[in-house]
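# Structural description and commentary
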Amino acid sequence: MTESPALVLRGLVKRFDGVLAVAGVDLAVPAGSFYGLLGPNGAGKTTTLSMAVGLLRPDQGSAEVLGRDVWHDPLAAKRALGTLPDGVRMFDRLTGPELLEYTGLLRGMPRDVVAERSRDLLDVLDLARAGRTLVVDYSAGMKKKIGLACALLHAPRMLVLDEPFEAVDPVSAALIRDILHRYVGGGGTVIFSSHVMAVVEKLCSHVAIMAEGRIRRVGTVEEVCAGRPLEDVFVEVVGGRTATGAELAWL
Ligand SMILES: Nc1ncnc2c1ncn2[C@@H]1O[C@H](COP(=O)(O)OP(=O)(O)OP(=O)(O)O)[C@@H](O)[C@H]1O
């Protein structure tokens, strides 16, 4: 792993209706790292990753992918990027193969390369048997997988994935882990958000824990955990809540 950053976020701030969702995020993701972004619901992970990939304009701050500013040089930055956004509508009135073809041609890829890679991705991600089913009729996990296939199609050097394991069955999750592991082994860089501590602990070289729009802990997994389970560190950082038994007495 080289230490020059593949993704640099500087002072990112975002407010929604005056409410701070992201309150000044700085992050340097080293090239060749496998980076996990953790945080409780509403911590600001999706907002941060959306600003990092050019989907949401920050109120302040900047994002750079492999040296290209996402907002000043968007084409170059996006060429180097594969993204799996959360909750962004796909062109889902297409079949999986049609969506991949559309995505590849939009990116200016040769038709035969798109066709070959699409076949590979649909096979590996077990989507080939969905046949002529429209993406709108896919299950939630299948939608994640076709989104991941679209992100990988142009073989980008950096992947930014929002909750890639959400709603995905255990067999597919293992498959996605293998694909990402190989991708990083081949020199790619991944940052992904997740709520699954075990996945982050097992896969990642680095981790950042967000809460209330700020990065609270950051470093290699060994540094952040210092010999403790990641879940314990996470609960300590974000502040755990336990039910005392008095709540929901009516239930
Ligand atoms: N489009 C929006 N309009 C208004 N508020 C928003 C919008 N998007 C996000 N927020 C708010 O910003 C905060 C951060 O949300 P965000 O989706 O980034 O969190 P998250 O860490 O990804 O959460 P989760 O783990 O639940 O997906 C939340 O308080 C959310 O309500």
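In what follows, the accompanying structure is described. (Residues numbered from 1 in each chain as written. Predicted model: local features only at pLDDT ≥ 70, side-chain atom pairs only at ≥ 80, totals over all residues.)

## Brief notes about the overall build of the protein
To keep things clear, this is the line we draw: Only DSSP runs of H or I reaching four residues or more are called helices, and only runs of E reaching two or more are called strands; each is numbered from the N terminus. Once C-beta atoms are placed from the backbone, each residue is buried if 20 or more other C-beta atoms lie within 10 Å of its own, exposed if 12 or fewer, and partly exposed for counts between those two.
Assigned secondary structure in the protein consists of nine helices and ten strands. Viewed in the frame of its principal axes, the protein has a C-alpha envelope of about 60 × 45 × 40 Å. Split into buried and exposed, the 251 residues of the protein put 39% on the buried side.

## Remarks on the nonpolar core
Test applied: As used here, a nonpolar core is made of buried Ala, Val, Leu, Ile, Met, Phe, Trp, Tyr and Cys residues. They are joined through C-beta atoms within 7 Å. Residues are treated as contacting if the C-beta atoms built from their backbones sit within 7 Å of each other.
If you look at the biggest cluster of nonpolar residues, it comprises 65 residues, and the most contacted ones within it are Leu7, Ala52, Ile146, Ala149, Val160, Val190 and Ile191. It is helix H5 (residues 140-152) that provides the largest number of residues to this core, a total of seven residues. With near-sequence residues (within four places) excluded, isoleucine 146 lies in contact with Gly96, Leu99, Leu127, Val135 and Tyr138.

## Topic: the site of the ligand
Stated formally: Working rule for contacts: place C-beta from the backbone, and if it is within 6 Å of a molecule or strand, that residue counts as near it. Classification used: nonpolar for Ala, Val, Leu, Ile, Met, Phe, Trp, Tyr, Cys and Pro, charged for Asp, Glu, Lys and Arg, polar for all others including Gly.
Around the ligand, the neighbouring residues are Phe16, Ala21, Gly39, Asn41, Gly42, Ala43, Gly44, Lys45, Thr46 and Thr47. Among the elements that take part in the shell around the ligand, helix H1 (residues 45-52) stands out by supplying three residues, more than any other. When grouped by side-chain class, the residues that make up the shell around the ligand number three nonpolar, six polar and one charged.

## A few points about the packing of helix H3 (residues 96-106) against H5
Cut-off, in case you're wondering: Angles shown run from 0 to 180 degrees and are taken between the N-to-C directions of axes, each axis being a line fitted to C-alpha atoms and, for helices, limited to the stretch in contact. For classification purposes, an angle smaller than 35 degrees is called roughly parallel, one larger than 145 roughly antiparallel, one from 65 to 115 roughly perpendicular, and anything else oblique. Whether a crossing is left-handed or right-handed is set by the direction in which the near helix is turned from the far one by less than a right angle, anticlockwise for left-handed and clockwise for right-handed.
Packing of H3 against H5 leaves a shortest axis separation of 10 Å and a crossing angle of 25°. As judged from the angle between their axes, H3 and H5 are roughly parallel. Between H3 and H5 lies a crossing of right-handed hand. Here Gly96, Leu99, Leu100 and Thr103 of H3 come into contact with H5, specifically with Ile146, Ala149 and Cys150. Class assignment of the residues belonging to the contact of H3 with H5 gives a composition of five nonpolar, two polar and no charged.

## What about the pairing of strand E10 (residues 214-220)?
Test applied: At least two bridges found by DSSP between two strands are what make those strands a pair.
As judged from the six bridges shared by strand E9 (residues 206-211) and E10, these two strands associate in the antiparallel manner. The residue of E10 that forms the bridge with methionine 210 is isoleucine 215. Counted along the chain from E9 to the antiparallel partner E10, the turn is two residues long, and its residue glutamate 212 has a positive phi close to 50°.

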